[in-house]
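Chain by chain, the residues run as shown.
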Amino acid sequence: MKNLLFSLFILLFSCIPVLGKDLVLGQELQLKQTTKVSEINAQPENYLGKRVQIEGLIINVCAARGCWMDIASDAPFQKIQIKVVDGEIVFPMEAKGRNAKVEGIVEKLELSHEQALEWAKHKAMEQGEEFDPATITGPTKIYRIRGLGAVIM
């Protein structure tokens with residue numbers, strides 16, 4: 001019985017990231033200056049195609065593949081999504097609630113009404129939420145960062 005409890009204890013704590021230890025993913029961060037998420041959100045066209053570094057609280061992580069995470073902005077009720085190529089970088093679910101520094105290229109997705117419906121339906125499915133097609137009323141532009149490297153603190 002003691003061996004079983006000890007094994008469960010080891011298994012449980014091996015799955016929890018060590019507090020205070022940074023998790024480095026993807027490419028090494030290169031930029032010395034951090035750009036505020038609110039600045040990117042205010043004028044995203046000025047940043048298109050440019051490499052930026054942001055920092056903030058991880059508020060959501062893709063539950064299906066760890067292929068994206070949302071970073072809270074410095075401004076209330078704003079966020080930006082970091083999207084990576086599936087499998088190249090995997091953001092762990094345990095990262096939610098931790099801070100991160102991320103570098104990547106700002107990109108824009110222009111979705112038709114039909115594509116926006118599929119996008120919203122897929123996101124709702126990933127989050128286990130109900131999807132209401134009436135919430136999508138037309139074409140959509142989405143600005144996000146194509147993630148190249150991250151440090152989760």
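Whatever comes next refers back to the structure up there.
Computed from a predicted model, the values in this text were never measured in an experiment. (Residues numbered from 1 in each chain as written. Predicted model: local features only at pLDDT ≥ 70, side-chain atom pairs only at ≥ 80, totals over all residues. Heavy atoms only, no water.)

Draft legend 1. Summary view of the overall build of the protein chain. Along the protein chain, the regular secondary structure elements total three helices and six strands. What you see in the protein chain, going N to C, is helices and strands ordered as α-β-α-β-β-β-β-α-β. Counting only residues that meet the buried cut, the protein chain has 36% of its 153 residues in that class. Taking as baseline every contact in the protein chain between residues at least 6 positions apart, the subset at least 24 positions apart corresponds to 72%. Surface exposure of the protein chain reaches about 9700 Å², of which carbon and sulfur atoms provide 58%. (Helix = DSSP H or I, 4+ residues; strand = E, 2+ residues; numbered from the N terminus. Buried < 20%, exposed > 50% of the residue type's maximum accessible area, 1.4 Å probe, protein only. Contact = heavy atoms within 4.5 Å. Areas by Shrake-Rupley, 256 points an atom, 1.4 Å probe, with all protein chains shown as cover.)

Draft legend 2. View of unusual backbone geometry. For Phe77, which is not glycine, the phi dihedral falls at a positive 65 degrees. Within the element layout of this structure, Phe77 appears in the loop between strand E3 (68–72) and strand E4 (79–83).

Draft legend 3. Region of interest: the nonpolar core. By size, the foremost hydrophobic cluster in this structure holds 22 residues, and its most contacted members are Ile54, Met69, Ile82 and Phe91. Taken together, the elements giving at least two residues each to this core come down to helix H2 (37–42), strand E2 (51–61), E3, E4, strand E5 (99–111) and strand E6 (140–152). At four residues, E2 tops the list of elements feeding residues into this core. Not counting chain neighbours up to four residues away, the residues in contact with Phe91 comprise Leu25, Val61, Gly66, Cys67, Trp68, Met69, Ile82, Val84, Ala150 and Ile152. (Core = buried A, V, L, I, M, F, W, Y, C linked by side-chain atoms within 4.5 Å.)

Read these as layout, nothing more, since geometry by itself doesn't imply function.
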